[in-house]
Amino acid sequence: MKQLNINKNFGEIYLEKTTRFSSRFKRLNEEIEKDQKIDEVIDKLQTYNKSADLRSMPEKLEDGGFSKEEIYQAKLRKQQYWMSFEKHKFYKTAQIIDSEIFALLKFNFDTYIYPLILQNEPKNKILLELNSKVILPILTLLNKEGEEDTYLNYSVDDLLGMLYFITGKCHINWK
């Protein structure tokens, strides 16, 4: 526990609390600026990169009632994320950040969205809940704790791309 003693103060005092994500974004910036690359993929990230079945992401989304246009947009978002991943995949901290985001996406999806799917809720309700309970909380976290992130800069499209990526790897079930 840190202690701060202030006797006489005539100005503003700012205290910065470092969080796990904020320190990782700072470390990522340092790794990239110093070109500190690694050759392997960390175990946590490999977990999300292994396929559990042979069905494609479009097939799984089609099972979930997605239209051809929605599936096309999902493919674009997945590809957009994948291009970012390829650009930063040799930085250990980028891999750690991605694996933690995958874990949050999966946990929030399993907690808030999958029960709605099991209850046969309408797709529009499921997508609204996906936005409010899965995507926006993670985006808010990244915007707050990743304010110094100058490399990943994940957007809503990237988070959806990540969700569709792990859908294709059978970590997310839409049916």
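Right above here is the structure, for reference.
Predicted, not measured: the structure shown is a model, and the values here were computed from it.

### Some thoughts on the pattern of salt bridges
Scanning the entire structure with this criterion turns up nine salt bridges. When the shortest N-O distance is used, the salt bridge between Asp 157 and Arg 77 registers 2.7 Å. Taken together, the residues Asp 157 in helix H7 (residues 156-168) and Arg 77 in helix H4 (residues 68-88) connect sequence positions 80 residues apart. The class for Asp 157 is partly exposed, based on a relative accessible area of 29%.

### Observations concerning the layout of surface pockets
Over the atoms rolls a probe the size of a water molecule, and in doing so it shows where empty space is left. Taken as a whole, the second largest pocket encloses approximately 210 Å³ of empty space. Lining the second largest pocket we find Phe 66, Glu 70, Gln 73, Arg 77, Leu 127, Leu 130, Asn 131, Ile 135, Val 156, Leu 160 and Tyr 164. Residue assignment for the lining of the second largest pocket shows that the elements contributing at least two residues are H4, helix H6 (123-145) and H7. Taken together, the residues of the lining of the second largest pocket break down into seven nonpolar, two polar and two charged.

The rules behind each value
Residues numbered from 1 in each chain as written. Predicted model: local features only at pLDDT ≥ 70, side-chain atom pairs only at ≥ 80, totals over all residues. Heavy atoms only, no water. Salt bridge = Lys/Arg side-chain N within 4 Å of Asp/Glu carboxyl O. Helix = DSSP H or I, 4+ residues; strand = E, 2+ residues; numbered from the N terminus. Buried < 20%, exposed > 50% of the residue type's maximum accessible area, 1.4 Å probe, protein only. 1 Å grid on protein atoms, 1.4 Å probe; cavity = no way out; pocket = protein on both sides within 12 Å on 5 of 7 lines; lining within 4 Å. Points joined across faces, edges and corners; volume = space filled by probe spheres on them. Nonpolar A, V, L, I, M, F, W, Y, C, P; charged D, E, K, R; others polar.

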